[in-house]
Amino acid sequence: MIPIFSIIVPFYNTEAMFYERTFNCLKGLPDELAEILVIDDGSKAESVVGLELYLSANLPEATVFHKVNGGQNSARQYGVDRAVGRYVLFLDSDDYLDVDA
């Protein structure tokens, strides 16, 4: 089944205290509603390890892609090229999406 939304989250060395809020608001979204694509844009190894540990424990349905640093627009386009949802939403790794949105 094709999800309605592809939620693309570019990630570059964001601290856990910020990205945890972002990803907590996406927990529990049904697969038919949204796919979650996290695009690591060349973060430092320690940032990536923390992110992957957090996601595997809290949001295992998210898909993480790694690419060479190219900036936020490059990471967004990378996600768009891999998205399968009917519509695309972008969240920064320190944003919050209200459940009622």
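Here the structure is a predicted model, which is why all the values come from computation and not from measurement.

J.: Where do I start with the nonpolar core in this structure?
T.: A general trend in soluble globular proteins is that nonpolar side chains are found buried together. If you look at the biggest cluster of nonpolar residues, it comprises 16 residues, and the most contacted ones within it are Phe23, Leu26, Val38, Leu51, Leu55 and Leu59. Secondary-structure elements contributing two or more residues to this core are strand 1 (5–11), helix 1 (16–24), strand 2 (34–41) and helix 2 (45–58). Once residues within four sequence positions are removed from consideration, Leu26 is found in contact with Ile7, Ile36, Leu59, Leu91 and Leu97.

J.: Is there a simple way to think about a nonpolar patch on the surface in this case?
T.: A cluster of nonpolar side chains, Val80, Val88 and Phe90, forms an exposed patch at the surface whose accessible area comes to about 200 Å². Among the structural elements, Phe90 can be located in strand 4 (residues 87–90).

J.: For this particular structure, what's the right way to read the side chain of Asp41?
T.: Position of Asp41 among the secondary structure elements: in strand 2. Here the side chain of Asp41 touches Gly71 through a polar contact of 2.9 Å, landing on its backbone nitrogen. Apart from the residues lying within four places of it in its own chain, the contact partners of Asp41 are Phe11, Tyr12, Lys67, Val68, Asn69, Gly70, Gly71, Gln72 and Ala75.

Rules of the game
Residues numbered from 1 in each chain as written. Predicted model: local features only at pLDDT ≥ 70, side-chain atom pairs only at ≥ 80, totals over all residues. Heavy atoms only, no water. Core = buried A, V, L, I, M, F, W, Y, C linked by side-chain atoms within 4.5 Å. Buried < 20%, exposed > 50% of the residue type's maximum accessible area, 1.4 Å probe, protein only. Helix = DSSP H or I, 4+ residues; strand = E, 2+ residues; numbered from the N terminus. Contact = heavy atoms within 4.5 Å. Patch = residues over 30% accessible without salt bridge, like charges linked within 9 Å, V, L, I, M, F, W, Y side chains within 5 Å. Areas by Shrake-Rupley, 256 points an atom, 1.4 Å probe, with all protein chains shown as cover. Salt bridge = Lys/Arg side-chain N within 4 Å of Asp/Glu carboxyl O. Polar contact = N/O pair within 3.5 Å; in protein donor to acceptor, adjacent residues only side chain to side chain.

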